[in-house]
Amino acid sequence: MAFPIWLPATLLAGATQAWRTAVQRRVSKELSVNAAGLVRYLYGLPFALMLLAGYRLIYPGPLPSPDPSFLLFCLGGGLAQIVATNLLIMAFAHRNFVVGTAYSKTEAVQGAILSFLLMGERLPPLAWAGIGCGVAGIMLLSVGGKKPGFLRALGQPAALCGIASGFFFALTAIAIRRGTQEVDAGGANADPVLAALIVLVVTVAMQTVMQGGFLLLREPGEMRKVLHGWPISGQVGLLSALGSACWFTGFATAPVALVRIVGQVEVAFTLGFGHFYLGERMKRSEVMGLVLVATGVVLALTGAL
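Residues numbered from 1 in each chain as written. Predicted model: local features only at pLDDT ≥ 70, side-chain atom pairs only at ≥ 80, totals over all residues. Heavy atoms only, no water.

1. Regarding the side chain of Glu182
Selection criterion: Counting from the N terminus, the helices are the DSSP runs of H or I reaching at least four residues and the strands are the DSSP runs of E reaching at least two. We call two residues contacting when some pair of their heavy atoms lies within 4.5 Å.
Along the chain, Glu182 turns up in helix 9 (residues 157–183). What Glu182 contacts, discounting residues up to four positions off in sequence, is Pro66, Asp67, Ser69, Phe70 and Phe73.

Quick look at the structure:
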């Protein structure tokens, strides 16, 4: 928490991820779920390597000697993110871009609970009030201006996919934080940003092998589409690498729950991309939901600082 970069990194991550998800949704219309998920890893890996190389050029120094167990955290976090991304893409097929993303934002609540149970991370009361406000906003977003009742809405396919996506994204965040802790063990000379970038490169490389291998075995025709669609897929890869670098930096320098709560500003960016980039219209209840989410972020941030 003493390292001040986590806040701007998290805000930038929210904006970049909303942009990337908007572009990826267009890609997903022409690809299968697994192929659309592979795009962010296959095309993101070169950019992740360039980010690490660029950082090393600016800040040269000895490389850390991480405990080999960090590879297990990278593997677990990478696999959880693959599952989460696929579930999020499936949610888009049932509802619009903004609402699909809103369901997945329950990861802030799930992440707060899981990080407390698994890592003992605690939040102040005002931060929990912010979580509650964010949940209320997501409840409004989830019904999308209709009146089926929130409990009934929870049984809809988009809700199930989105909430499950949020759960696996929360597991991803915890695994990545643990991975960066295993890398960043240099005491006074520790560099959490370098640790985050190392974990990013290793994780994305593993994800490319895992999902790429699955696609080659089960959907070889989709792999050809992924390779042929490089102009727009390259945009997804670039935005994915930038966004993940920011997320991983946040996880390396602040509690998972706090990063994910502040990261809910992505929903506000999502509104802009959904309206201007994808041409989707927002209902009044959805706008009110976004206001509540933003209020929750402010409360959580005030309580933490």
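After that view of the structure, there is still more to cover.
2. Concerning the layout of surface pockets
Test applied: The rule is simple: put a 1 Å grid over the protein atoms alone, call a set of points where a 1.4 Å probe fits but cannot get out a cavity, call an open set with protein on both sides within 12 Å along at least five of seven lines a pocket, and count a residue as lining if it has an atom within 4 Å of a point. Grid points are joined across faces, edges and corners, and a volume is the space filled by probe spheres set on the points. Ten residues, namely Ala, Val, Leu, Ile, Met, Phe, Trp, Tyr, Cys and Pro, are considered nonpolar, four, namely Asp, Glu, Lys and Arg, are considered charged, and the remaining ones, Gly among them, are considered polar.
Considering only enclosed or pocket space, the second largest pocket measures out at about 200 Å³ in volume. Lining the second largest pocket, in full, are Ile5, Ala9, Leu12, Leu51, Tyr55, Val193, Leu197, Leu242, Ala245, Cys246 and Thr249. Of all the elements in the fold, those that place two or more residues in the lining of the second largest pocket are helix 1 (6–28), helix 3 (44–58), helix 10 (192–218) and helix 12 (230–253). Considering each element in turn, the lining of the second largest pocket owes the most residues, four residues, to helix 12. Here the residues of the lining of the second largest pocket sort into 10 nonpolar, one polar and no charged.

3. Remarks on the packing of helix 3 against helix 12
The condition that has to hold: A fitted line through C-alpha atoms represents every axis, and for helices the fit uses only the stretch in contact; the resulting angles, taken between N-to-C directions, go from 0 to 180 degrees. With respect to orientation, any angle under 35 degrees is reported as roughly parallel, any angle over 145 as roughly antiparallel, any angle of 65 to 115 as roughly perpendicular, and every other angle as oblique. Here a crossing is called left-handed whenever its near helix is offset anticlockwise from the far helix by less than a right angle, and right-handed whenever the offset is clockwise.
Between helix 3 and helix 12, the least distance of the axes is 7 Å, while the angle of their chain directions is 45 degrees. Judged by the angle between their axes, helix 3 and helix 12 are oblique. Judged by the sense of rotation from one axis to the other, the crossing of helix 3 with helix 12 is right-handed. Residues Gly44, Phe47, Ala48 and Leu51 of helix 3 lie in contact with helix 12, whose contacting residues are Gly234, Gly237, Leu238, Ala241, Leu242 and Ala245. Of the residues belonging to the contact of helix 3 with helix 12, the class tally is seven nonpolar, three polar and no charged.

4. Regarding the side chain of Arg260
Where we set the bar: Summary of the burial criterion: residues with accessible area below 20% of their type's maximum are buried, those above 50% are exposed, and those between are partly exposed, where the area comes from a 1.4 Å probe applied to protein chains only.
Among the structural elements, Arg260 can be located in helix 13 (residues 256–262). We classify Arg260 as buried; its relative accessible area is 7%.

5. Observations regarding the nonpolar core
Rules: Among buried residues, those of type Ala, Val, Leu, Ile, Met, Phe, Trp, Tyr and Cys that are joined through side-chain atoms within 4.5 Å constitute a nonpolar core.
Trp6, Leu123, Leu197, Val199, Leu200, Phe248 and Phe251 are the most contacted members of the largest nonpolar core, which totals 49 residues. Non-local contacts of Leu123, meaning those with residues more than four positions away in its chain, are made with Ala112, Trp128, Ile131, Ala257, Leu258 and Ile261. Counting 13 residues, the second-largest nonpolar core is a separate cluster that includes Val23, Leu31, Val236 and Leu239.

6. Points about empty space enclosed by the protein
In the structure shown here, the tally under the stated rule is four cavities of 30 Å³ or more. Space inside the largest cavity adds up to approximately 130 Å³. Considering the residues around the largest cavity, the lining is formed by 17 residues, among which Gln17, Arg40, Gln81, Ser244 and Trp247 are closest to the centre. Mapped by element, the contributors of at least two residues to the lining of the largest cavity are helix 1, helix 9 and helix 12. For the lining of the largest cavity, the element with the most residues is helix 12, which contributes seven residues. Of the volumes computed, that of the second largest cavity is approximately 70 Å³. Arg40, Tyr41, Gly44, Gln81, Leu200, Thr203, Val204, Gln207, Ser240, Ala241, Ser244 and Phe248 are the residues that line the second largest cavity. Among the elements of the structure, helix 2 (33–42), helix 10 and helix 12 are those that each provide at least two residues to the lining of the second largest cavity.

7. A word on the packing of aromatic side chains
Going by this rule: Put simply, two rings from Phe, Tyr or Trp (the six-membered ring, in Trp's case) pair if the centres are within 6.5 Å, and we call them stacked under 30 degrees between planes, edge-to-face over 60, tilted for the rest.
Following the criterion strictly, the structure yields three aromatic pairs and no others. Ring centres of Phe167 and Phe168 lie 5.4 Å apart, and the angle between their planes is 80 degrees; on these two criteria the pair is classed as edge-to-face. Taking the relative accessible area as the measure of exposure, Phe167 reaches 31% and is therefore partly exposed. Judged by relative accessible area, Phe168 falls into the partly exposed class, the value being 27%.

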